[in-house]
Amino acid sequence: MEVDERTVGNLMKLGLTKYEALAYLALVQLGSGTASEISRLSGVPTTKLYDVLSRLEVKGWVEVLRERPMKFRAKPPDEVLTKAIEDVVKAGEEAKAMLREVYERRLDMQRSDVWMVRGLKNVEDKMVSMMKRARSSIILTLSKLALDILDEVSEILMDAYWRGLRVRVLLGGLKKEPDLGGVEVALMKPALGLTIIYSTLIVDSSELLLVLPIGIGKGRPRDVIGIWVRDEGLARLAEEYVDVVIKTSRL
């Protein structure tokens, strides 16, 4: 039998194995035939053919003629292909609906979490908590207004550094870099015109805490408010900004 590889491939897309496709094509040409005739025309080994024909019968593609010797007949292509196409379309629609549900659940899980943290003590507690559970990286930026917290978190930063995390600190309002035991420290130059409003903390490229002052009195904020976000896109954007500021500060 001259095999149309494209037709064989299309039948396989409808759920047949290669041997099943070859056997069915042979039967379409024969009309009906014995196992030896089907094997000779299709090229399917006789040792495998009965199993192949049995599966085709179960799938509804062939029928067995109760004759001696036993013969097999292909069911009309329009009949079997219409049903096979309907089955594939139905299976595809069911799979699409299920996968859409899974995909949308994942999107829901990945949507940004945003929380407000009010009050200096609560903000500092949140910063400490984030730093302590960091697993890969910490970026901390402190303006002149926020430098007081540096003493409180310096040991946490150094501990993270010695645990193998990448730790970077950007500070404003200082003329000399503090010694943080190997932690990468950069000082923001006022002349650059770049400012950190109060402080920023980025952890593991996925969590961002932006701290803003609420009013300034006697050189200090009256209070602060923190905006905590779990969003990889925003966290990485903030990281890129800090990287630019650090590089610029060293020019």
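So, a few notes on the structure that sits alongside this text.

Each value, and the rule that gives it
- Residues numbered from 1 in each chain as written.
- Predicted model: local features only at pLDDT ≥ 70, side-chain atom pairs only at ≥ 80, totals over all residues.
- Heavy atoms only, no water.
- Phe/Tyr/Trp six-rings, centres within 6.5 Å; stacked < 30°, edge-to-face > 60°.
- Helix = DSSP H or I, 4+ residues; strand = E, 2+ residues; numbered from the N terminus.
- Buried < 20%, exposed > 50% of the residue type's maximum accessible area, 1.4 Å probe, protein only.
- Axes fitted to C-alpha atoms, helices over the stretch in contact; angles between N-to-C directions.
- Parallel < 35°, antiparallel > 145°, perpendicular 65-115°, else oblique.
- Contact = heavy atoms within 4.5 Å.
- Nonpolar A, V, L, I, M, F, W, Y, C, P; charged D, E, K, R; others polar.
- Patch = residues over 30% accessible without salt bridge, like charges linked within 9 Å, V, L, I, M, F, W, Y side chains within 5 Å.
- Areas by Shrake-Rupley, 256 points an atom, 1.4 Å probe, with all protein chains shown as cover.
- Salt bridge = Lys/Arg side-chain N within 4 Å of Asp/Glu carboxyl O.
- Left-handed = near helix turned anticlockwise from the far one by under 90°.

The next thing to look at is the packing of aromatic side chains. For any two aromatic rings, the description comes down to two numbers: the centre-to-centre distance and the angle of the planes. Under the counting rule described, the total for this entry stands at 3 aromatic pairs. Taken together, a centroid distance of 5.0 Å and an interplanar angle of 90 degrees make the contact between Tyr24 and Trp61 edge-to-face. With Tyr24 in helix 2 (residues 18-30) and Trp61 in the loop between helix 4 (46-59) and strand 2 (62-65), this residue pair connects regions lying 37 residues apart in the sequence. On the accessibility criterion, Tyr24 (3% relative accessible area) is buried. Note on Tyr161 and Trp162: the rings are 5.1 Å apart at their centroids and 75 degrees apart in plane angle, and the pair reads as edge-to-face. The exposure class assigned to Tyr161 is partly exposed, which follows from its relative accessible area of 30%.

On to the packing of helix 3 (residues 35-42) against helix 4. Where helix 3 contacts helix 4, the axes come no closer than 10 Å and their chain directions differ by 105 degrees. The angle between the axes of helix 3 and helix 4 places the two elements in the roughly perpendicular class. Here Ala35, Ile38 and Ser39 of helix 3 lie close against helix 4, whose contacting residues are Thr46, Leu49, Tyr50 and Leu53. Looking at the contact of helix 3 with helix 4, its residues break down into 5 nonpolar, 2 polar and no charged.

A grouping of Met98, Leu99 and Val102 is seen on the molecular surface, where their side chains present a nonpolar patch of about 270 Å² in accessible area. Relative to the helices and strands, Val102 is located in helix 5 (residues 77-110). Judged by relative accessible area, which is 37%, Val102 ranks as partly exposed.

To continue, consider the packing of helix 6 (residues 120-132) against helix 7 (residues 149-162). Here helix 6 crosses helix 7 at 15 degrees, and the two axes come no closer than 10 Å. It follows that helix 6 is roughly parallel to helix 7 by the angle criterion. The crossing of helix 6 and helix 7 is right-handed. Together, Glu124, Met127, Val128, Met131 and Lys132 of helix 6 and Ile149, Glu152, Val153, Ile156 and Leu157 of helix 7 make up the contact between the two elements. Split into classes, the residues belonging to the contact of helix 6 with helix 7 amount to 7 nonpolar, no polar and 3 charged.

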